[in-house]
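# Reading the structure
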Amino acid sequence: MRAVNYRSEKLSPRISIVIPARNEARNLEVILPELPLVHQVILVDGDSVDDTIATALRVMPRIEVIRQTRKGKGNALACGFAAVTGDIVVMFDADGSADPAEIPRFVEALVNGADVAKGSRFCEGGGSEDITRFRRLGNYGLNLTTNVLLGTRYTDLCYGYNAFWSYILPRLELPDITLARHADGRMHWGDGFEIETVLNCRFAAAGMNVIEVPSVERLRIHGESNLRAVSDGFRVLKTILAERKRSLRALPAAPMPARSSAVSSPRTQPVMAIDYPIQPKEESA
Ligand SMILES: Nc1nc2c(ncn2[C@@H]2O[C@H](COP(=O)(O)OP(=O)(O)O)[C@@H](O)[C@H]2O)c(=O)[nH]1
Ligand SMILES: [Mg+2]
């Protein structure tokens, strides 16, 4: 394990890395030893049928393993966030696509004043070895829609490599992890791959200072993506529309400080908490 100890920094935030994993044993063997030494590493297992949990514990005995309460990557992240004890949360996929060497870049952006350090494959210095042309096009359209409707200047809406200060978590109002699964197998809204969109829309609506950090997405090492481009793309589109409605319905609250380089446009009249408004009729499983 590489000994990058952030405690030796002048500002020494405690870092919690949250890793959602569904059948990622073979990838965890590669990525866990690459992680820097940080305050906390949380693995959120999604009913894996391989030996994801045993492998994680073998490779990194101090890892905290939790099981998610429902299904979907969004629910896994929400469960992981609930277990965070650090100052900074790093969202880190288990498939080998996130480069641990980039973590200091995210931390630096936060320490320098951002509330959120949002990874981007499509800003200068970013890239992807993993994305297909179809997914790139879809991502572009969804990103543009968000920028138009929410007044953001994001370059990458759906990327899973991001970091933020844990103090913002209550303001995100993610779906309650204690709610029971729907009896008919539908996912709760926010539990699926729309989670990155939910987060990015809420960062902006709450007037948070979001800085994009260039990131190069590497190839998934083993296995296949769990994402279904078309149905998950529609889920993201519905999310953007619902989040816009949510931000318009919200009442003013204290603004968070803006910075000129921020890619969200902090509202002069930011947002007060409201109930999660969306109850879609049909959802992809
Ligand atoms: N716990 C959990 N993790 C998941 C779930 N779906 C996806 N993941 C994890 O989320 C990360 C990103 O998922 P991936 O399938 O690679 O999607 P892609 O990166 O969008 O192609 C990987 O670490 C997956 O193992 C899930 O339902 N539960
Ligand atoms: Mg992936």
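Residue numbers here run from 1 along each chain, matching the order of that chain's written sequence. As a convention, the first chain written is A and the first ligand written is 1, with the rest following in written order. The model is predicted, so local features are restricted to residues of pLDDT at least 70 and side-chain atom pairs to those at 80 or more, both for listing and for counting; the totals for chains, interfaces and linings are taken over all residues.

Every helix listed is a DSSP run of H or I at least four residues long, and every strand listed is a run of E at least two residues long, numbered separately from the N terminus. Of the regular secondary structure elements, the chain holds 8 helices and 9 strands. Within the span of the chain, comprising 285 residues, buried residues form 46% of the whole. Contacts here follow a simple rule: the backbone-placed C-beta atoms of the two residues must lie within 7 Å. Long-range pairs, those at least 24 residues apart, make up 79% of the contacts in the chain between residues at least 6 apart in sequence. Three exposure classes are used, all based on how many other C-beta atoms lie within 10 Å of a residue's own C-beta (placed from the backbone): buried at 20 or more, exposed at 12 or fewer, and partly exposed between those limits.

A residue counts as near a molecule or strand when its C-beta atom, positioned from the backbone, falls within 6 Å of it. In the vicinity of ligand 1 there are 21 residues, among which Gly-46, Ala-76, Ala-94, Ser-225 and Asn-226 approach most closely. Under the scheme applied, nonpolar residues are Ala, Val, Leu, Ile, Met, Phe, Trp, Tyr, Cys and Pro; charged residues are Asp, Glu, Lys and Arg; polar residues are all the others, including Gly. Of the residues that constitute the shell around ligand 1, the class distribution is 6 nonpolar, 7 polar and 8 charged.

Next up on the list: the packing of helix α5 (residues 133–150) against helix α8 (residues 229–249). Axis lines are fitted to C-alpha atoms, over the contacting stretch for helices. Their N-to-C directions set the angle, which ranges from 0 to 180 degrees. Across the interface, α5 lies against α8 with an axial gap of 10 Å and an inter-helix angle of 5°. One element, α5, and the other, α8, form an angle in the roughly parallel class. Across from Phe-134, Arg-135, Gly-138, Leu-142, Thr-145, Thr-146, Leu-149 and Leu-150 in α5, the residues of α8 making contact are Ala-229, Gly-233, Val-236, Leu-237, Ile-240, Arg-244 and Ser-247. Its residues placed into classes, the contact of α5 with α8 shows 8 nonpolar, 5 polar and 2 charged. Throughout, the term roughly parallel applies to angles under 35 degrees, roughly antiparallel to angles over 145, roughly perpendicular to angles from 65 to 115, and oblique to all others.

This part is about unusual backbone geometry. Although it is not a glycine, Asn-23 sits at a positive phi angle of roughly 55°. Among the secondary structure elements, Asn-23 is positioned in the loop between β1 (15–21) and α1 (25–31). Asn-23 gets classed as buried once you count the C-beta atoms within 10 Å, which come to 20.

In this section: the sheet that holds strand β7 (residues 162–165). Here a strand pair is declared whenever DSSP counts at least two bridges between the two strands. Across the sheet, which stays open at both edges, the 7 strands sit in the order β3-β2-β1-β4-β7-β5-β8 with mixed pairing between neighbours. Pairing within the sheet leaves two strands with one partner each, and these edge strands are β3 (64–67) and β8 (210–214). On average, adjacent strands in this sheet sit at an angle of 20° to one another, irrespective of strand direction. Bridge count for strand β4 (residues 88–91) against β7 is 4 bridges, and the pairing is antiparallel. Bridge pairing in β7 links Val-89 to Phe-164. Sitting on the sheet, helix α3 (residues 73–82) touches β1, β2 (40–45), β3 and β4, and the angle it makes with β1 is about 150°.

Within the secondary structure, Glu-243 sits in helix α8. By the C-beta count within 10 Å, which is 24 here, Glu-243 ends up buried. For the pair Glu-243 and Leu-199, spaced 44 residues apart in the sequence, the C-alpha separation amounts to 9.8 Å. Leave out the neighbours within four places in its chain, and Glu-243 touches Val-198, Cys-201, Arg-202 and Ala-205.

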